[in-house]
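Commentary on secondary and tertiary structure
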Amino acid sequence: MRIGFGYDIHPLKKGRPLFLGGVKVNSDRGLEGHSDADVVIHSIMDALLGASGQGDIGVHFPNDEISWKGISSMVLLNRTCILLEKKKYKIKNLDITIVVEKPKLLTYYPDMIMNIASALKISEDCINIKATTNEGIGFIGKGEGIASFCVTLLEES
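The written sequence of each chain sets the order in which its residues are numbered from 1. Reporting of local features is limited, given that this is a predicted model, to residues whose pLDDT is at least 70; pairs of side-chain atoms are given and counted only at 80 or more, and all residues count toward the totals for whole chains, interfaces and linings. Each side-chain value is worked out from all heavy atoms of the structure, with water and hydrogens disregarded.

1. Concerning the environment of Leu106
- Each helix corresponds to a stretch of at least 4 residues labelled H or I by DSSP, and each strand to a stretch of at least 2 residues labelled E; elements are numbered beginning at the N terminus. Here Leu106 lies in the loop between strand E5 (89-99) and helix H4 (109-120).
- Each residue is placed in one exposure class: buried if its accessible area under a 1.4 Å probe, protein chains only, is under 20% of its type's maximum, exposed if it is over 50%, and partly exposed if it falls in between. Judged by relative accessible area, Leu106 falls into the exposed class, the value being 62%.

Here it is, written out as structure tokens:
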């Protein structure tokens, strides 16, 4: 068994769509970044890559690589799944925490879980998603960004 931890944070910017967990979320601002900046997917990828001893997102999908510009993070998650399969790792579970002041995300969880499970070829019951606020404190608390944390457990197949 191997444990991995992932974290990502991006600033919010007007004029960009907001994607979290591969779902377009209703918001007047989206996350700024080289790809679609989906912090949920990025934290999952870092957790999986770390647990499997394969570095991090920057190693496999560097943000100075033009071919990744504007790409859906779901495409990158699919590629991460292939990297795990090559190393013969099976995902036992993902536990994800999203830190955001608004919008409220509870109604988006089922679609996020479905997208992630499909991309990683795992059962939906292997995925837990929850959100919390930063209680008005700091960058996230002021509504200037969103962060995500993910813990995963892998087993060798």
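Still more ground to cover, so stick around.
2. Some details on a nonpolar patch on the surface
- On the surface, Ile3, Phe5, Tyr7, Ile9, Phe139, Phe149 and Val151 cluster together to form a nonpolar patch covering roughly 630 Å² of accessible area.
- With 4 residues, strand E1 (residues 2-14) is the single largest residue contributor to the nonpolar patch.
- Of note, Phe139 is situated in helix H5 (residues 138-141). Exposure above 30% relative accessible area and the absence of a salt bridge qualify a residue for a patch, where like charges join within 9 Å and nonpolar side chains (Val, Leu, Ile, Met, Phe, Trp, Tyr) within 5 Å. Residue burial considers only the protein chains on display, and all accessible areas are found by Shrake-Rupley using a 1.4 Å probe. The salt bridge criterion pairs a side-chain nitrogen of Lys or Arg with a carboxyl oxygen of Asp or Glu, the two atoms within 4 Å.

3. Focus on the packing of aromatic side chains
- Two rings from Phe, Tyr or Trp (for Trp, the six-membered ring) form a pair when their centres are within 6.5 Å of each other. A pair whose planes differ by under 30 degrees is stacked, one over 60 is edge-to-face, and the rest are tilted. In the structure shown here, the tally under the stated rule is 2 aromatic pairs.
- Ring geometry for Phe5 against Phe149: centres 6.1 Å apart, planes inclined by 35°, an arrangement best described as tilted. Pair noted here: Phe5 is in strand E1 and Phe149 is in strand E7 (residues 145-156), with a separation of 144 residues, a long-range link.
- With relative accessibility at 53%, the residue Phe5 sits in the exposed group.
- We classify Phe149 as partly exposed; its relative accessible area is 30%.
- Pairing Tyr7 with Phe149 gives two aromatic rings, centres 4.9 Å apart and planes at 40°, and the pair type is tilted. In this pair, Tyr7 is assigned in strand E1 and Phe149 in strand E7, connecting sequence segments 142 residues apart.
- Tyr7 gets classed as partly exposed once you look at its relative accessible area, which sits at 36%.
- Joined through ring pairs, the aromatic side chains of Phe5, Tyr7 and Phe149 make up one cluster.

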